[in-house]
Amino acid sequence: MKATFNAEQMHAVDRNLIENHGFPGIELMENAAAGVTAEAIRILSGNGKQCLVLIGPGNNGGDGLAVLRQLTARGFCAEGLLLFPPEKFRGDALTEYERATRSGCALFSVRDACPDPLEGKDLIVDAVFGTGLKRPADDALSSLFARVNASGIPVISVDLPSGLDSDSGEVRGACIRADITVTFQEYKTGLMTDNGRVHAGKILLHPISGIPTTEKPDALWVGEEDVRRCLPGRKLNAHKGSSGRGLLLAGSSRYPGAAKLSAVAALRAGTGLLTAGVPAPVRPGFSDTPEIMTVPLGMSGVWDTETLNDAAALLPGKTALAMGPGMGEIADREAFSALLSCGLPTVLDADALNRIASEPGLMRYLGKKHVLTPHPAEAARLLHVAPQEILRDMPGSAKRLARELNAVVLLKGATSWISDGDRLYLNTSGNPGLGKGGSGDTLTGIVLALLCQGLEPLQAAYCGAYLLGAAADKAMSILGERMLIAKDVTDAFAYVL
């Protein structure tokens, strides 16, 4: 798996290179700038094209000064706009400033620049803030960032788009929206968040040393080969019991389709035998899928005491359990807690999560065998915070929720974050076509299938997130984002699995 690192870890990586491997800090800065310069030259190829480098006060600004000098030395028309007084430069950044001035680079302060420093430019290099961002941009910088974003001029960001928190991906006030971000040595966790991917554009990793990083990463980025290694093979003498016996409790008179979507996804993802326990009025909707053993529960069409007790009678002999999609209100606390504490690996989604959030005492029945799959609003209900707090720090929220609930959490988003409270994984497969009803139901079925086939809950969660996204990407290549529905994702499993 590829790794991502937070700001503190990256500072430790830099210290290791300097103190233990003999790399002068200025050499690392020059090496970093070389990666940005190469991309800038690619964009500026041709006569007369002009580049503006936006230069901040710290080491990110030092990288920008090195880019300015490297472009100037190669004969390109480049100007540097100093956004802070030069007296703020320290250490290696000060050395780069002195080198740039001695080399005759075109450097201007905000006061000295022409009324519109962006006019006539063919490229902007954003070297204002890096991993050390501590505060939002002030009004003047916010105005400049807005003009850059509206200009239509290609932008390369140095290490991070300025205004993006490198750990959480939170946008601190205003933020540059880059076309390319050249990040150094290791990926930053904040770049992989929803906000990070929107603002970073194409992310290029540029090594600044030949030394492998030994620092423990912040998160691991799930890829195809990682999932391939987790998926069990099928032996020649495999039979329906070899791939597990799943129990899905889902659906209601109000939301009958959720149960069907989850059940079909569970079968397609490899469950050997699937029992769908659904309220009796929902059962006719399964008439065209005889592969699913559909059991009618209760008579009311909702999850009252009778329906829940009927569901509990289906538990013996099952390998894994999934609850939540389309269940609506779950009335009986005692009957629901008996299902939660049955001891099976269990996926909880949608209304099962809402029931737990409504009565925190239910959380004591959760453990490491439980995989919770909330979207940000559901996660906010479970943590009793505003949704904006979840969205500000999705990786941190996934970890916090997993710790507080003592469970595995798959926090859904354009980037999904998976954690057991200690380890953190991220998944970036998928596309906006998944932003429709039914996608979460499909994910529940996939994770149930993986639990049935013997994957550990944490593995089932991150592999399930990847497979849902990969199938959606395949389906999108055929249908496009707007046409895509959850059933298409399930149909595309054949091309992915």
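Residues numbered from 1 in each chain as written. Predicted model: local features only at pLDDT ≥ 70, side-chain atom pairs only at ≥ 80, totals over all residues. Heavy atoms only, no water.

Focus on the environment of Gly 361
The residue Gly 361 is located in the loop between α11 (350-358) and β16 (370-372) in this model. Each C-alpha atom, one on Gly 361 and one on Ser 337, is 9.7 Å from the other, the two residues being 24 residues apart in sequence. (Helix = DSSP H or I, 4+ residues; strand = E, 2+ residues; numbered from the N terminus.)

Focus on the environment of Lys 474
Within the secondary structure, Lys 474 sits in helix α16 (residues 457-479). Looking at Lys 474, the relative accessible area reads 33%, which means it is partly exposed. Taking C-alpha positions, Lys 474 is 30 Å from Met 327, a pair spaced 147 residues apart along the chain. Other than its neighbours up to four places away in sequence, Lys 474 contacts Ala 492, Tyr 495 and Val 496. (Buried < 20%, exposed > 50% of the residue type's maximum accessible area, 1.4 Å probe, protein only. Contact = heavy atoms within 4.5 Å.)

Let's talk about the packing of aromatic side chains
Enumeration according to the criterion identifies 4 aromatic pairs in this entry. When the centroid spacing of 5.3 Å and the interplanar angle of 90° are considered together, the rings of Tyr 187 and Trp 221 count as edge-to-face. Within this pair, whereas Tyr 187 is found in strand β8 (residues 187-188), its partner Trp 221 is found in strand β10 (residues 219-221), the two being separated by 34 residues in sequence. The class for Tyr 187 is buried, based on a relative accessible area of 13%. (Phe/Tyr/Trp six-rings, centres within 6.5 Å; stacked < 30°, edge-to-face > 60°.)

Side note on the state of the cysteines
Such a bond, covalent and formed between the sulfur atoms of two cysteines, is termed a disulfide. Using the criterion set out here, one finds 0 disulfides in the structure. Cysteine Cys 452 is unpaired, with the sulfur of Cys 342 as its nearest cysteine sulfur at 12 Å. (Disulfide = S-S within 2.5 Å.)

Focus: the pattern of salt bridges
Taken as a whole and judged by the stated rule, the model has 19 salt bridges. Its salt-bridge partner being Asp 165, residue Arg 172 comes within 2.9 Å of it at the nearest N-O pair. Asp 165 gets classed as buried once you look at its relative accessible area, which sits at 10%. Glu 224 serves as the salt-bridge partner of Arg 228, at 2.5 Å between the closest nitrogen and oxygen. In this pair, Arg 228 and Glu 224 both sit in helix α7 (residues 224-230), 4 residues apart, roughly one turn of the helix. On the basis of relative accessibility, which here comes to 48%, the residue Arg 228 falls in the partly exposed class. Judged by relative accessible area, Glu 224 falls into the partly exposed class, the value being 45%. (Salt bridge = Lys/Arg side-chain N within 4 Å of Asp/Glu carboxyl O.)

Digging into the packing of helix α3 (residues 59-73) against helix α4 (residues 91-102)
Helix packing for two helices is described by the angle between their axes and how far apart those axes are. At a minimum axis distance of 8 Å, the contact between α3 and α4 shows a crossing angle of 25°. Classified by the interaxial angle, the pair formed by α3 and α4 is roughly parallel. Where α3 crosses over α4, the handedness of that crossing is left-handed. Every residue of α4 that contacts α3 at Asn 59, Gly 62, Leu 65, Ala 66 and Arg 69 is listed here: Ala 93, Glu 96, Tyr 97, Arg 99 and Ala 100. Considering only residue class, the contact of α3 with α4 consists of 5 nonpolar, 2 polar and 3 charged. (Axes fitted to C-alpha atoms, helices over the stretch in contact; angles between N-to-C directions. Parallel < 35°, antiparallel > 145°, perpendicular 65-115°, else oblique. Left-handed = near helix turned anticlockwise from the far one by under 90°. Nonpolar A, V, L, I, M, F, W, Y, C, P; charged D, E, K, R; others polar.)

Let's talk about the sheet that holds strand β6 (residues 155-158)
An order of β4-β3-β2-β5-β6-β7-β9 is seen for the 7 strands of this open sheet, with the pairing classed as parallel. Every other strand in the sheet has two partners, leaving β4 (106-109) and β9 (202-206) as the edge strands with one partner each. Between one strand and the next, the sheet's axes are offset by a mean angle of 20°, whatever the strand orientation. Sheet topology note: the strand β2 (residues 50-55)/strand β3 (residues 77-82) ladder contains 6 bridges and is parallel. Bridging across to β3, Leu 52 finds its partner in Glu 79. (Pairing = 2+ DSSP bridges.)

What about the nonpolar core?
Looking at soluble globular proteins, one finds that nonpolar side chains tend to be buried together. Counting 52 residues, the largest nonpolar core has Leu 249, Met 323, Leu 348, Ile 356, Leu 372 and Leu 382 as its most contacted members. If one sorts the elements of this core by residue count, helix α14 (residues 394-405) sits on top with 5 residues. Dropping the residues within four chain positions of it, Leu 382 is found in contact with Leu 353, Ile 356, Ala 357, Met 363, Leu 372, Pro 374, Leu 401 and Leu 405. (Core = buried A, V, L, I, M, F, W, Y, C linked by side-chain atoms within 4.5 Å.)

Comments concerning the pairing of β4
Burial along β4 is one-sided: the face carrying Leu 107 and Ser 109 is buried and the face carrying Ala 106 and Phe 108 is not. The sheet contact formed by β3 and β4 spans 4 bridges and is parallel. When the sheet's bridge partners are listed, Leu 81 is paired in β4 with Phe 108. The parallel pair β3 and β4 is bridged by α4, and the resulting crossover is right-handed. (Right-handed = clockwise from strand over helix to strand, strands pointing away.)

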